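Residue strings, one per chain:
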Amino acid sequence: MGFHDQLQRSWSSAGSMLCVGLDPDPDRYPAVIADAPDATERFCRAIIDATADIACAFKPQIAYFASRGDEDALENICHYIREAYPNVTLILDAKRGDIGSTATHYACEAFDRYGAHAVTVNPYMGTDSVEPFFDHPGDGGVILLCRTSNPGGDDFQSLVADGSPIYTHVARKVAEEWSQLGDCGLVVGATYPTELADVRSIVGDLPLLVPGVGAQGGDAATVMEHGAAPAGRGLIVNSSRAVLYASDGADFAEAARSEALRTASDLPA
């Protein structure tokens, strides 16, 4: 099953377009698990179990694991999601981008090692740097950075070329050319609703991964207003810290579920 079909299944199963980002920070783990040797895996599994029925996707951020040499925990978590919750889409947030031969290995990492349904990719190096992700066996999806949620995104993404901002050129390239190579989507931040609407007008029904809701200040209802696809759905709206760290007590999983439910109520699928 390809990424787009998997995502449709996830939206139907969850009834929402909420994505829970898995950005585990040991400094913020609740005391009940903080000292456990497998604290990262235990923390993430508890969050997954508490929110899997209301989330269309989980999005582990690879740097939070790799910086501590915890890739084995990431593997275990990814495999757990695929096996225990097959209706939930697994997105590896890696933001890879390199020459073709290196990109081939990044594709193996995302789709073979971690079993992701889709991976985030940087489009800056062009077509030959993204083709290996589309060519990799298994119909994995490619989600291209377009208009990111951080303020520094303006440095390049808003520069005007041939009368249009760079991010709109990326959106057109994905919609008109790269979408012919395989299932794809784009990353557009919740903190820029006008740009979100611009991208949606360019890409039609392609899925948009939208970070920035919650701790970064983005609003779920505003994202729905500006980013939903013409045919409905079309969004993967990520919330990480607001869900993960809703409580630092023994009730952290229950608090995460409550926050996820609150956000999901504004994101009906």
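Reading the values: rules and limits
Residues numbered from 1 in each chain as written. Predicted model: local features only at pLDDT ≥ 70, side-chain atom pairs only at ≥ 80, totals over all residues. Heavy atoms only, no water. Phe/Tyr/Trp six-rings, centres within 6.5 Å; stacked < 30°, edge-to-face > 60°. Helix = DSSP H or I, 4+ residues; strand = E, 2+ residues; numbered from the N terminus. Buried < 20%, exposed > 50% of the residue type's maximum accessible area, 1.4 Å probe, protein only. Pairing = 2+ DSSP bridges. Axes fitted to C-alpha atoms, helices over the stretch in contact; angles between N-to-C directions. Contact = heavy atoms within 4.5 Å. Patch = residues over 30% accessible without salt bridge, like charges linked within 9 Å, V, L, I, M, F, W, Y side chains within 5 Å. Areas by Shrake-Rupley, 256 points an atom, 1.4 Å probe, with all protein chains shown as cover. Salt bridge = Lys/Arg side-chain N within 4 Å of Asp/Glu carboxyl O. Right-handed = clockwise from strand over helix to strand, strands pointing away.

### Section: the packing of aromatic side chains
Part 1 of the reasoning: This structure, assessed with the given rule, holds four aromatic pairs.
Part 2 of the reasoning: A ring pair is formed by Phe43 and Tyr245, whose centres lie 5.8 Å apart and whose planes are at 10°; its orientation type is stacked. Of this pair, Phe43 sits in helix H3 (residues 39-51) while Tyr245 sits in the loop between helix H12 (241-244) and helix H13 (252-264), placing them 202 residues apart in sequence.
Part 3 of the reasoning: A residue is classified by how much of its surface remains accessible, and Tyr245, at 12% relative accessible area, is buried.

### Considerations on the sheet that holds strand E9 (residues 208-210)
Hydrogen bonding along the main chain pairs the strands of a sheet, whether they run parallel or antiparallel.
Part 1 of the reasoning: Ordered in space as E1-E2-E3-E4-E5-E8-E9-E10, the eight strands form a closed barrel in which the pairing is parallel. On average, each strand axis in the sheet is tilted by 30° relative to the strand beside it, whichever way the strands run.
Part 2 of the reasoning: Two strands pair when backbone bridges link them, and strand E5 (residues 141-147) and strand E8 (residues 184-188) are joined in this way by five bridges, in the parallel orientation. Bridge pairing in E8 links Leu144 to Leu186.
Part 3 of the reasoning: Strands in contact with helix H11 (residues 220-227) are E9 and strand E10 (235-239); relative to E10, the strand with the most contacts, it is inclined by about 160°.

### Points about a nonpolar patch on the surface
Part 1 of the reasoning: A grouping of Ile99, Tyr124 and Met125 is seen on the molecular surface, where their side chains present a nonpolar patch of about 380 Å² in accessible area.
Part 2 of the reasoning: Here Tyr124 shows up in the loop between strand E4 (118-121) and helix H7 (127-135).

### Observations regarding the pairing of E5
Part 1 of the reasoning: Judged by how many residues are buried, E5 sits mostly within the fold: seven of seven residues are covered.
Part 2 of the reasoning: With four bridges connecting them, E4 and E5 associate as parallel partners. Note that in E5 the partner of Val121 across the bridge is Leu144.
Part 3 of the reasoning: For the handedness criterion, the β-α-β arrangement of E4, H7 and E5 is classed as right-handed.

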